[in-house]
Amino acid sequence: MLYSLRRGNVARASEVLADAFQHDPLWNKIYERESHLEKRLRVAFGASVRYCLKYGEVYAPSEDLEGIMGFVPGKYADMSVWRMLCSGSISSVMRMGLNTTKKMAPIFKLVSEDRRKHMAGHRYLHLSVVGVDTALQGMGFGRKLIGAAIDKSQREDLQLYLETETEENMKMYEHFGFRLLNKITLPIVNLPMWEMVREPQT
């Protein structure tokens, strides 16, 4: 049984995800030569958590929030300005600053276009974010969270779609039954991204 996050958990969930992604190549490139990375990541992931709470679901292994997983139905995968306003995410995006949003805009555009191309005509969940506190990694919390998303997709006969920024994570997701759809190079930051899907198993 997972813990279902509420609005009151957003700050703590953002801290957990900021810690989990502190060495992520994409975020480190986005904030290259900028100070206070952890604070900036808390703001960025605060937007993700609020968005998933509004349009999808956010879970942790327990009330201790050892890790965080958020997903949304495919029709809400694109974070439009209107949806960010409705979810309360827009304030976090504005706090990220103009320089950051300029870097991220072409990245989001390419990733969204690819997602729509790959998933056209399919019912799916977009696994938006999964992260575990670095001090607790390797203890099965990530497996528990991903397994729960897979169980939901199986019950509801939905595909699971995700993007990941490291080859290590790509191989981990393959272990869970995801298959690679495409490897792209992200604009501006010139980094790879792997786009993956998992079909429900009969």
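In case you missed it, the structure is sitting above this.
Residues numbered from 1 in each chain as written. Predicted model: local features only at pLDDT ≥ 70, side-chain atom pairs only at ≥ 80, totals over all residues. Heavy atoms only, no water.

Novice: I'd like to hear about the sheet that holds strand β5 (residues 159–164), residue by residue, with values.
Specialist: An order of β1-β2-β3-β4-β5-β7-β6 is seen for the 7 strands of this open sheet, with the pairing classed as mixed. Because the sheet does not close on itself, it has two edges, and the strands there are β1 (3–4) and β6 (179–186). Alignment of β1 against strand β2 (residues 57–60), held across 2 bridges, turns out to be antiparallel. Paired with Tyr3 across the strands is Ala60, a residue of β2. Of the strands in this sheet, β2, β3 (67–73), β4 (124–132), β5 and β7 (191–198) touch helix α7 (residues 141–155), which is tilted by about 20 degrees from β3. Here helix α8 (residues 167–175) sits on the sheet in contact with β4, β5 and β7, set at roughly 10 degrees to β7. (Pairing = 2+ DSSP bridges. Helix = DSSP H or I, 4+ residues; strand = E, 2+ residues; numbered from the N terminus. Contact = heavy atoms within 4.5 Å. Axes fitted to C-alpha atoms, helices over the stretch in contact; angles between N-to-C directions.)

Novice: Pulling in residues and values, what's your account of the packing of aromatic side chains?
Specialist: Between two aromatic rings, the relevant description is the distance of the centres plus the angle of the planes. Scanning the entire structure with this criterion turns up 8 aromatic pairs. Ring geometry for Trp27 against Phe45: centres 5.5 Å apart, planes inclined by 55 degrees, an arrangement best described as tilted. Here the residue Trp27 occupies a position in helix α2 (residues 25–30), and Phe45 occupies one in helix α3 (residues 37–55), the gap between them amounting to 18 residues. Each member of the pair, Trp27 as well as Phe45, carries the same accessibility label: buried. Centre to centre, the rings of Tyr59 and Phe71 are 6.2 Å apart; their planes meet at 35 degrees, and the pair counts as tilted. Of the two residues, Tyr59 sits in strand β2 while Phe71 sits in strand β3, which places them 12 residues apart along the sequence. With respect to class, Tyr59 is no different from Phe71; both count as buried. Here the aromatic residues Phe21, Trp27, Tyr31 and Phe45 are joined through ring pairs into a cluster of three or more. (Phe/Tyr/Trp six-rings, centres within 6.5 Å; stacked < 30°, edge-to-face > 60°. Buried < 20%, exposed > 50% of the residue type's maximum accessible area, 1.4 Å probe, protein only.)

Novice: Which residues make up the side chain of Asp133, and what values do they have?
Specialist: With respect to the helices and strands, the residue Asp133 is situated in the loop between β4 and α7. It is Arg12 that comes nearest to the buried, bridge-free Asp133 among opposite-charge side chains, at 4.1 Å. If near-sequence neighbours (up to four positions away) are discounted, Asp133 is found in contact with Arg12, Val16, Asp19 and Glu66. (Lys, Arg positive; Asp, Glu negative; His and termini not counted. Salt bridge = Lys/Arg side-chain N within 4 Å of Asp/Glu carboxyl O.)

Novice: Quick rundown of the pairing of β2? Include the residues and the values.
Specialist: Alignment of β2 against β3, held across 3 bridges, turns out to be antiparallel. Across the sheet, residue Val58 finds its bridge partner in β3, namely Gly70. Linking β2 back to β3 in an antiparallel pair, the connection comprises 6 residues, with Leu65 at a positive phi of about 55 degrees.

Novice: Please give an account of α7 that cites residues and values.
Specialist: With 15 residues, α7 ought to run about 21 Å at 1.5 Å a step, and its terminal C-alpha atoms sit 21 Å apart, in line with that. All of the buried residues in α7 are Phe141, Gly142, Leu145, Ile146, Gly147, Ala149, Ile150, Lys152 and Ser153. Next to the buried residues of α7 lie β2, β3, β4, β5, α8 and β7. Directly after α7, the chain includes Asp157, whose backbone phi takes a positive value near 55 degrees. (Expected span 1.5 Å × (residues − 1).)

Novice: Any chance you could break down a nonpolar patch on the surface for me, citing the residues and the numbers?
Specialist: Side chains of Val81, Trp82 and Leu85 sit close together on the surface and give an oily, nonpolar patch of about 360 Å² of accessible area. On the secondary structure map, Trp82 appears in helix α4 (residues 81–87). Judged by relative accessible area, which is 62%, Trp82 ranks as exposed. (Patch = residues over 30% accessible without salt bridge, like charges linked within 9 Å, V, L, I, M, F, W, Y side chains within 5 Å. Areas by Shrake-Rupley, 256 points an atom, 1.4 Å probe, with all protein chains shown as cover.)

Novice: Can you tell me about the packing of helix α1 (residues 10–20) against α3, naming the residues and giving the values?
Specialist: Packing of α1 against α3 leaves a shortest axis separation of 8 Å and a crossing angle of 125 degrees. Between α1 and α3, the angle is such that the two are oblique. Note that α1 runs across α3; the crossing there is right-handed. Contacts between α1 and α3 involve Val10, Ala13, Ser14, Glu15, Leu17 and Ala18 from the former and Glu38, Leu41, Arg42, Phe45, Gly46, Val49, Arg50 and Leu53 from the latter. Classifying every residue of the contact of α1 with α3 by side-chain character gives 8 nonpolar, 2 polar and 4 charged. (Parallel < 35°, antiparallel > 145°, perpendicular 65-115°, else oblique. Left-handed = near helix turned anticlockwise from the far one by under 90°. Nonpolar A, V, L, I, M, F, W, Y, C, P; charged D, E, K, R; others polar.)

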